[in-house]
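# Breakdown of the fold
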Amino acid sequence: MTSSNRLALSICCALASPLSAHAADKSDFQLTDLRRIVSLSDAQISPDGRQIAVVVGTPDWKSDKKQPELDVVDVATGARRALTFKRSDVSSPKWSPDGTRVAFITKDTTPADATDAAADGKDDAKPDAGDDADGPQDQVFVMSMSGGDPVRVTTAKNGVDEFSWSPDGRQIAFISEDEAPNKKAIKEHDDAFKVTDNNFTMRGAQAPWHLWVVSSAGGTAKRLTQGDFSLQTDEQDNAPVPEWGHDGHSIAFTRFPNSYWGPSFKSTVDTVDTAGGEPHMLVTAEGAAGIHYAPGGNAFAFLRPRDGDQNNGNAVYVSANGSVRDVTHALARNFNDYEWLPGGKSLLLAGDDGTHSVLWQQSLDGTARKLDLGDVEANADVSVSKTGAIAFVGSTTTHPGELYVMDSANAKPRRLTNVNAFVDGLALGRTETVDWQGPNEFHEDGVLTYPVGYQTGRKYPLVLTIHGGPEAASGVGFAPLPQLLAAAGFLVFEPNYRGSINLGDAYQHAI
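What comes next concerns the included structure. These figures come from a predicted structure and were not determined experimentally. (Residues numbered from 1 in each chain as written. Predicted model: local features only at pLDDT ≥ 70, side-chain atom pairs only at ≥ 80, totals over all residues. Heavy atoms only, no water.)

## Here we look at unusual backbone geometry
In this model, Gly-469 is joined to Pro-470 through a cis peptide bond whose omega is 0 degrees. The residue Pro-470 is located in the loop between strand 33 (462-464) and helix 5 (480-487) in this model. We note that Asp-64 has phi near 60 degrees; this positive angle belongs to a residue other than glycine. Mapping Asp-64 onto the fold places it in the loop between strand 3 (51-60) and strand 4 (65-74). Of note in the backbone geometry, Asn-440 takes a positive phi value of approximately 60 degrees without being a glycine. (Helix = DSSP H or I, 4+ residues; strand = E, 2+ residues; numbered from the N terminus.)

As structure tokens, then:
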């Protein structure tokens, strides 16, 4: 039952009472089980759709970290093999355009040797590692799928934040933070800095991030941008990925006014020639970010708050034939991510629809179709092959994240991994959607998780958990905290209050 009656019943039953009876044949989900959950992220399907690279994170509670490993999964069989061993900070796998190599970011624990120094040259303007580098940094490594060890191709002093392959696979564009102009003074404890742009959490001076390009075999890196503007800010997990033009002669990137999050809503999209020169503006509309060129042709798409209103959700805009338009205006909701589908006539959209995390196929003529994912809740990071196969990490109400593939946008998801198989042997609380009619004619919703062994008519204590953001949303995908509380005999209610991003722009804007 998903109605206002369900909500009223839940709240009325939120009274202290003995805990619910546990299932006799299964143990409950406990903290020791939480320590066993493996996380999957950064799923990237190969151009031919036959393999998927994915980061597998295994909990290490002694270090309080996930131990990451880059694996490759065969789409036909689900066979999984590791590409890395005992490396830290593994992230952002990306296939070369021909699918013969995989590049990824990982912390470089080996010092630059004489060969590296000779290749990198002596130019202080280059982001090359040296004697004064502040410890191991995240660098780009490239690995051949025919065998051999990963080869480091960047030696950025402050590490690499994001990167992308050139269309011919010969070069890699990457984003790295500049050194502080007063680095020597900072080392001598003259580290006073200006707090600006409402950034009250800052604890030190900050430099902008800029764009570089290097051979995919390694060598001397060439700087392409410089100045006070930045390609990343202090409050983002990752920089928007730089996007190569089809001819390989230019790179588009998201340009922030500076490296602080405060004015980041004024971002635009610039493009710079790989031969050098000043960048020029490609998208002047403030708030633009995350550009992707369509397969073939000159059309491109980007994310921007709908109509430029920061209180609206992210829309997907397409620039083609001299005009720019919001191709997602009919849905009028927030989209977390998108990818072009083969042929460049439609887009794959990822976002929340009520309490479900779903995918849509959005044609450029404005018609959108929700894909049939069954009981799978799709994570926002999606990857599409040249053949149209789709890879993503997804969960269900009773099973944590696993790797899924769809042979096309018309196919149903097929699960390729079972890294969290142990959860299927545990007793879990039932999770479902509740909805009701709220004030101001808003239809509202939330998620209710029942105690393990729930009995109709019995009273249970209620725990209220609310998402942060506030522009976020609670969904029915597997969530450890509600299940831990359900095992302890609680009803758990997660409301999507006004401002949540799962019920459309009007509801999000209503906060």
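Following the structure, the description resumes.
## Structural notes on the nonpolar core
Side chains of a nonpolar character, in soluble globular proteins, are inclined to be buried together. In this structure, Leu-40, Ile-52, Val-54 and Leu-403 are the most contacted members of the largest nonpolar core, which totals 16 residues. Mapped by element, the contributors of at least two residues to this core are strand 2 (39-45), strand 3, strand 27 (390-396) and strand 28 (399-406). Non-local contacts of Val-54, meaning those with residues more than four positions away in its chain, are made with Leu-40, Ser-41, Asp-42, Ala-43, Glu-69, Leu-70, Asp-71, Val-73 and Leu-403. (Core = buried A, V, L, I, M, F, W, Y, C linked by side-chain atoms within 4.5 Å. Buried < 20%, exposed > 50% of the residue type's maximum accessible area, 1.4 Å probe, protein only. Contact = heavy atoms within 4.5 Å.)

## Remarks on the sheet that holds strand 16 (residues 268-273)
Judged by pairing direction, the sheet is antiparallel, and its 4 strands sit side by side in the order 14-15-16-17 without closing on themselves. Bordering the open sheet on either side are strand 14 (243-244) and strand 17 (280-283), each of which pairs with just one other strand. The pairing of strand 15 (residues 250-255) with strand 16 spans 6 bridges and is classified as antiparallel. Residue Arg-255 lies in a different strand from strand 16, and its bridge partner there is Thr-268. (Pairing = 2+ DSSP bridges.)

## Points about the pairing of strand 3
Along a regular strand, successive side chains alternate from one face of the sheet to the other. Counted residue by residue, strand 3 has 7 buried out of 10 residues, so it is predominantly covered. In terms of strand pairing, strand 2 meets strand 3 through 5 bridges, oriented antiparallel. Its bridge partner being in strand 3, Ser-41 is matched across the sheet by Val-55. Joining the antiparallel neighbours strand 2 and strand 3 is a turn of 5 residues, in which Gly-49 adopts a positive phi near 75 degrees. Pairing of strand 3 with strand 4 involves 10 bridges; the strand directions are antiparallel. Residue pairing across strands places Pro-59 opposite Lys-66, the latter belonging to strand 4.

## Let's talk about empty space enclosed by the protein
Enumeration over the complete set of coordinates arrives at 2 cavities of 30 Å³ or more. Taken as a whole, the second largest cavity holds about 40 Å³ of empty space. Lining the second largest cavity are Thr-431, Val-447, Thr-449, Gly-475, Val-476, Gly-477, Phe-478, Ala-479, Pro-482, Gln-483 and Glu-494. Residue composition of the lining of the second largest cavity, by class: 5 nonpolar, 5 polar and 1 charged. (1 Å grid on protein atoms, 1.4 Å probe; cavity = no way out; pocket = protein on both sides within 12 Å on 5 of 7 lines; lining within 4 Å. Points joined across faces, edges and corners; volume = space filled by probe spheres on them. Nonpolar A, V, L, I, M, F, W, Y, C, P; charged D, E, K, R; others polar.)

That's the geometry; what it means functionally is another story.
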